[in-house]
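Structural characterization, general
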Amino acid sequence: MQRIHFIPADFARVRLRTTAGPLVESAFAYGLLGRGVGAPFARWRSQVGERLAQWPLPLTGGSAAPGLDGLIDLIERSGRYVGTDAAAARNAPGPPFHPAAGDLSLVWRVAVAPYWEHVRAYLEAECEARGRVLMAGGVELLLTTLHSKITWRAPVLEIHDGPDEDIRLDGRGLVLAPSVFLAHRPGRVTRRLDDNGPVVLAFAAPPDTHQATGLWDEPDDSGQSLGALVGQTRAAALHALRSSCTTSQLADRLGISAAGASQHTAVLRRAGLITTRRIRNTVLHTLTPLGVALLKGISPRPAKPAAAGVPARRRPAGGAVGHREPRPVTDLTARTTPAA
């Protein structure tokens with residue numbers, strides 16, 4: 001089992017992240033395709049099988065293919081965490097990730113990217129639910145309720161059914177990220193080699209049969225149309241900002257640098273699609289009504305023309321009269337450390 005050792009400073013540096021990243025989810029999907037799946041994944045397996053039949057490349061490299069642990073280690077050592085949004089990557093050629101692992105970019109294109117928007121929405125809801133647990137009972141209750149096979153024995157978090165190793169946080173903190181495709185393991189540490197950054201633990205949060213009903217619906221082309229209008233990364237940023245977040249949180253969600261996220265928010269703000277406000281040391285970005293309307297693929301309702309001789313009612317800058325900002329997704333970053 002993996003054992004994660006905490007010191008007191010680590011408790012203030014525990015936070016939730018929507019996902020460990022598209023590449024990591026692709027690795028989990030790769031592992032899931034090689035084994036039997038339950039009812040929630042039956043439709044997904046069928047659809048992926050149909051797509052794979054159209055590709056001449058094998059999914060795996062046979063007996064030489066690494067297992068899930070080896071594949072995650074390859075991702076970590078290569079530093080390839082940066083992903084992209086589904087619309088941009090669905091048809092991206094991409095080189096094989098590793099000769100023995102088969103074409104991991106193929107796994108992304110056929111098994112993950114077509115469902116990425118649905119998966120992200122599901123994971124955002126999962127993070128909000130875990131955030132309510134955190135607010136109700138603190139960090140230790142959150143760690144206790146991650147999974148039936150993840151055990152909290154203060155000050156050690158034990159992940160059963162995994163590689164045998166001890167991981168010491170030493171004040172770096174722990175990022176917890178739910179995973180849809182990690183259905184056959186309770187959890188897996190996906191990043192631990194960075195001496196300055198936090199350790200990232202992906203924990204299993206597979207859907208039940210009811211939740212999976214809409215998860216595997218084929219996507220429409222609205223994301224591609226929006227991407228053609230504002231650019232693929234900024235389209236992904238608008239989707240991510242359905243829940244208000246800071247610049248650093250947005251960078252995490254998109255898998256880009258904080259500087260890149262700042263540039264994209266500046267463009268979206270000038271276009272009137274988002275607003276930005278500063279709360280102490282935190283900069284919070286939120287969709288405007290125009291941004292929400294664009295994201296939904298509808299036009300905002302035009303204002304009624306003022307009667308002759310009667311001045312139009314002035315509206316506060318940044319939104320319509322009576323508009324309320326969406327509630328931000330729960331994330332400990334804003335509570336524990338200043339965000340860019």
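Scroll up to find the structure this text is about.
Reference entry: report on the structure contained in this document.

Conventions and cut-offs
Residues numbered from 1 in each chain as written. Predicted model: local features only at pLDDT ≥ 70, side-chain atom pairs only at ≥ 80, totals over all residues. Heavy atoms only, no water. Helix = DSSP H or I, 4+ residues; strand = E, 2+ residues; numbered from the N terminus. Buried < 20%, exposed > 50% of the residue type's maximum accessible area, 1.4 Å probe, protein only. Contact = heavy atoms within 4.5 Å. Areas by Shrake-Rupley, 256 points an atom, 1.4 Å probe, with all protein chains shown as cover. Pairing = 2+ DSSP bridges. Phe/Tyr/Trp six-rings, centres within 6.5 Å; stacked < 30°, edge-to-face > 60°. Polar contact = N/O pair within 3.5 Å; in protein donor to acceptor, adjacent residues only side chain to side chain.

**A few points about the overall build of the chain**
Summing up its helical and strand segments, the chain has 13 helices and 11 strands in all. Counting the 340 residues in the chain, one finds 48% classified as buried. Of all intrachain contacts in the chain linking residues separated by at least 6 positions in sequence, the fraction that spans at least 24 positions is 72%. Carbon and sulfur atoms make up 54% of the accessible area of the chain, which totals about 16300 Å².

**Here's the deal with the sheet that holds strand β11 (residues 282–287)**
Pairing is antiparallel across the open sheet formed by 3 strands, whose spatial order is β9-β11-β10. Two strands close off the open sheet at either side, each with one partner strand: β9 (245–246) and β10 (274–279). The pairing of β9 with β11 spans 2 bridges and is antiparallel. Note that in β11 the partner of Thr246 across the bridge is Leu284.

**Structural notes on the packing of aromatic side chains**
What the rule picks out here adds up to 11 aromatic pairs. Between Phe41 and Trp44 the ring centres are 6.0 Å apart and the planes differ by 75°, which places this aromatic pair in the edge-to-face class. We note that Phe41, like Trp44, is buried. Look at Phe41 and Trp216: their rings are 5.8 Å apart centre to centre, the planes differ by 40°, and that puts the pair in the tilted class. One end of the pair, Phe41, is in the loop between α2 (22–33) and α3 (42–52); the other, Trp216, is in the loop between β8 (199–204) and α8 (222–230), and 175 residues separate them in sequence. The class of Phe41 is buried, set by a relative accessible area of 4%.

**Notes on the pairing of strand β1 (residues 2–5)**
Sheet analysis places β1 next to strand β4 (residues 156–159), joined by 4 bridges and oriented antiparallel. Note that in β4 the partner of Arg3 across the bridge is Glu158. Pairing of β1 with strand β5 (residues 165–168) involves 4 bridges; the strand directions are parallel. What sits directly across from Arg3, in β5, is Asp166.

**Thoughts on the pairing of β4**
On β4, burial covers both faces: Val156 and Glu158 on one face and Leu157 and Ile159 on the other are all buried. Where strand β3 (residues 150–153) meets β4, 4 bridges bridge the pair, whose relative direction is antiparallel. In the sheet register, Arg153 faces β4, and the bridge partner there is Val156. Remark: 2 residues form the turn of the hairpin made by β3 and β4, two consecutive strands paired antiparallel.

**Observations regarding the side chain of Thr19**
With respect to the element layout, Thr19 can be found in the loop between β2 (14–16) and α2. A distance of 3.0 Å separates the side chain of Thr19 from the backbone nitrogen of Gly21, its partner in a polar contact. Apart from the residues lying within four places of it in its own chain, the contact partners of Thr19 are Glu25, Trp116, Arg120, Leu123, Ala177 and Pro178.

**Description of the environment of Ala202**
Relative to the elements of secondary structure, Ala202 occurs in strand β8. Here Ala202 falls in the buried class, since its relative accessible area comes to 0%. With 181 residues separating them along the chain, Ala202 and Gly21 place their C-alpha atoms 9.8 Å apart. For Ala202, the contacting residues outside a window of four places in its chain are Ala20, Phe28, Ala177, Leu182, Gly187, Arg188 and Thr190.

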